[in-house]
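# Fold and contact review
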Amino acid sequence: MSFDPLGRSDAELYTQILAREFNLLTVEHVMKFAPIHPVPDRYRWQEADEIVAYAERNNMQVRGHTLVWHIELPDWVYKEECSREHMIQVMQGHIQTVVGHYRGKIMAWDVVNEAIDDNGRLRETIWLQCIGPDYIEIAFRSANETDPNALLFYNDYGGEGAGHKSDAIYSLVKNLRGRGVPIHGVGLQMHVTVSDYPNPKLVIKNMQRYAELGLVVHITEMDVAIDIPVTQDKLAKQASVYQQMLEACLSVSNCQAFVLWGFTDRQSWIPAYMKGYDSGLIFDRDYKPKPAYHALLDTLASKP
Ligand code: G3I
């Protein structure tokens, strides 16, 4: 049974609103290592291909997410020989095949995701343990050789404003840049809540220091979770947080994309992963625009 007055199905509503409201989409799950490369010699392209074809049909650009991460790895990767030489081969084989499959169709890749831990150190991942810290550099070079036209990003959470994690990400990226590694941008995920979000002035300052390195910034995964119960006041606060971050992005020339982690509360990671929180997106569960939607639209309309 459809809840839509026009009788559209859930999938129809989802795809129609997505194409009507956005010109860039990110592939939330199906390009991650485990779903796309479930066994060593087989890739599963179907779902990701369908999304890329949908984007093409609707003149939308695509962000690819993500090539090298410590989560969402298939079991077979953990069973491989943990030697530098072999794991470089595994990582490069994956990158070359996935980036190659979508060559020319992906505007930006999150090449390495969340490689810095919450203390600002390189995260202890299988890639770090088996290859060493230069796995990051090797990953970027490999992606660049495969699709020289795709913008290549380092993507992380908790480094949007000021703080030791933000500084650690900056140092990592500055170092890569200084050594001529082909990295073009930094993804600021922006998973925040109505009561815990970065100071927009510090977000701007952070974006500006990446501009000085010649790097682009994308807001890559924004949502603003609300602590239950959701009230009108909290929805208004949520609208304000979205607006402040969009204004921050629009105020610096190197912030070139503003991407949400989904658009409807009907499909969001928040209820399952953030106990006690809900309602982080700009459309509600019935695909009705929330105050945050109108705040973003007003902000965009007020800019030349
Ligand atoms: O697709 C399978 C489905 O076939 C299966 O029946 C079902 C049963 O559990 O699982 C489905 O996969 C789930 C997938 O989300 C799609 O819904 C995985 O189990 C689940 O682990 C996965 O969680 C995702 C999580 O990353 C881990 O990959 C979340 O949806 C996704 O929102 C979240 O996204 C991350 C970004 O990639 C990186 N930044 C943080 C962000 C939020 O945690």
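See the structure above.
The model shown is predicted, which means the values in this text are computed figures rather than measured ones. Each chain has its residues counted from 1, running along the sequence as written. In view of the model being predicted, local features appear only for residues whose pLDDT reaches at least 70, and side-chain atom pairs are presented and counted only at 80 or more, with totals across whole chains, interfaces and linings using the full set of residues. Processing note: side-chain calculations cover all non-hydrogen atoms of the structure and skip hydrogens and water entirely.

### A closer look at the overall build of the chain
Helix and strand assignments come from DSSP, with helices taken as H or I runs of at least 4 residues and strands as E runs of at least 2, each series counted from the N terminus. The secondary structure content of the chain amounts to 12 helices and nine strands. Its C-alpha atoms give the chain a radius of gyration of 19 Å, near enough to 19 Å, the size a compact globule of 304 residues would have. Dimensions of the chain, computed from C-alpha atoms along their principal axes, come out at roughly 55 × 45 × 40 Å. Residue burial is assigned from relative accessible area. The probe radius is 1.4 Å, only protein chains are included, and a residue is buried under 20% of its type maximum, exposed over 50%, and partly exposed in between. Counting across all 304 residues of the chain, residues that qualify as buried make up 53%. We call two residues in contact whenever any of their non-hydrogen atoms come within 4.5 Å of each other. Residue pairs at least 24 apart in sequence account for 76% of intrachain contacts in the chain once pairs closer than 6 positions are excluded. In short, Shrake-Rupley with a 1.4 Å probe defines the accessible areas, and a residue's cover is counted only from the protein chains shown. Carbon and sulfur atoms provide 50% of the accessible area of the chain, an area that totals close to 13900 Å². For the purpose of charge, His is not counted, nor are the chain termini; Lys and Arg are scored as positive and Asp and Glu as negative. The location of each charge is read from NZ of Lys, CZ of Arg, CG of Asp or CD of Glu. Across the chain, the centroid of the 29 positively charged side chains sits 3 Å from that of the 39 negatively charged ones. Throughout, the radius of gyration refers to the C-alpha atoms, and the reference size of a globule is 2.2 Å times the residue count to the power 0.38.

### Details of the state of the cysteines
When the sulfur atoms of two cysteines come within 2.5 Å, that pair is taken as a disulfide. In total, this model carries two disulfides according to the counting rule given. Disulfide partner of Cys82: Cys130, at an S-S distance of 2.0 Å. Looking down the S-S bond of the Cys82 and Cys130 bridge, the torsion is -105 degrees, so its handedness is left-handed. Of this pair, Cys82 sits in the loop between α4 (75-79) and α5 (84-101) while Cys130 is found in helix α6 (residues 126-131), placing the two residues 48 residues apart along the sequence. With a relative accessible area of 7%, Cys130 lands in the buried category. Here Cys249 is linked by a disulfide to Cys255, with a sulfur-sulfur distance of 2.0 Å. Its S-S torsion of approximately -95 degrees makes the covalent link between Cys249 and Cys255 left-handed. On the basis of relative accessible area, Cys255 is assigned to the buried category, the value being 9%. Each disulfide of the chain joins two cysteines, and with those cysteines numbered along the sequence the arrangement is 1-2, 3-4.

### What to know about the site of the ligand
Being near a molecule or strand, for a residue, comes down to having at least one heavy atom within 4 Å of it. Every one of the 14 residues lining the ligand counts as a neighbour, but Lys32, His65, Glu72, Glu221 and Tyr273 are closest to it. Whenever two N or O atoms come within 3.5 Å, that pair is a polar contact, provided that in protein one can donate a hydrogen and the other can accept it, and provided that, for residues adjacent in sequence, both atoms are side-chain atoms. Residue Lys32 places a side-chain N or O atom 2.7 Å away from an oxygen atom belonging to the ligand. Between an oxygen atom of the ligand and a side-chain N or O atom of Tyr273, the distance comes to 2.6 Å. Summarising the interface, the protein chains cover 54% of the accessible area of the ligand, which totals 790 Å² for the free molecule.

### Quick notes on the packing of helix α9 (residues 200-212) against helix α10 (residues 232-250)
For helices, the axis comes from a line fit to the C-alpha atoms of the stretch in contact; other axes are also lines fit to C-alpha atoms, and the angle between any two N-to-C directions lies between 0 and 180 degrees. With their axes 9 Å apart at the nearest point, α9 and α10 run at an angle of 30 degrees to one another. The angle between α9 and α10 places the two elements in the roughly parallel class. The chirality of how α9 crosses α10 is right-handed. Along its contact with α9, which presents Pro200, Val203, Ile204 and Met207, the element α10 presents Gln244, Met245, Ala248 and Cys249. Gly falls in the polar group here, along with every residue not listed as nonpolar (Ala, Val, Leu, Ile, Met, Phe, Trp, Tyr, Cys, Pro) or charged (Asp, Glu, Lys, Arg). For the contact of α9 with α10, the class distribution of residues is seven nonpolar, one polar and no charged. The cut-offs work like this: below 35 degrees is roughly parallel, past 145 is roughly antiparallel, 65 to 115 is roughly perpendicular, and the gaps in between are oblique. By convention, the crossing between two helices is left-handed when the near helix turns anticlockwise from the far helix through less than a right angle, and right-handed when the turn is clockwise.

### With respect to the packing of aromatic side chains
Whether two aromatic rings pair depends on their centres lying within 6.5 Å, for rings of Phe, Tyr and Trp, where Trp uses its six-membered ring; planes under 30 degrees apart make the pair stacked, over 60 edge-to-face, and the rest tilted. Tallied over the full model, the rule gives 11 aromatic pairs. Aromatic pair Trp269 and Tyr273: ring centres 5.7 Å apart, planes at 50 degrees, arrangement tilted. Among the aromatic residues, those joined into a cluster by ring pairs are Tyr14, Phe22, Phe263, Phe283, Tyr287 and Tyr293. Look at NZ for Lys and CZ for Arg. If either is within 6 Å of the ring centre and within 35 degrees of the ring normal, a charge sits over the ring. In this structure, Arg209 is placed above the aromatic ring of Tyr170, and the distance from its NZ or CZ to the ring centre is 4.3 Å.

### Considering the nonpolar core
Ranked by size, the top nonpolar core spans 93 residues in total, and within it Tyr102, Trp109, Val112, Trp127, Tyr135, Phe140 and Tyr154 carry the most contacts. When residues in this core are grouped by element, the largest group, eight residues, is from α10. Look past the residues within four positions of Trp109 in its chain and what remains in contact with it is Met31, Gly64, His65, Leu67, Val98, Val99, Tyr102, Ala150, Leu151, Leu152 and Phe153. Remark: nonpolar core denotes a set of buried residues (Ala, Val, Leu, Ile, Met, Phe, Trp, Tyr, Cys) joined through side-chain atoms within 4.5 Å.

### Topic: the pattern of salt bridges
In what follows, salt bridge is the name for a side-chain nitrogen of Lys or Arg lying within 4 Å of a carboxyl oxygen of Asp or Glu. Counted under the stated rule, the structure contains 14 salt bridges. Residues Arg209 and Asp167 are paired through a salt bridge, measuring 3.0 Å at the closest nitrogen-oxygen approach. With Arg209 in helix α9 and Asp167 in helix α8 (residues 164-178), this pair connects stretches of sequence that are 42 residues apart. Each of Asp118, Asp156 and Lys165 takes part in salt bridges that share partners, so that together they form one network.

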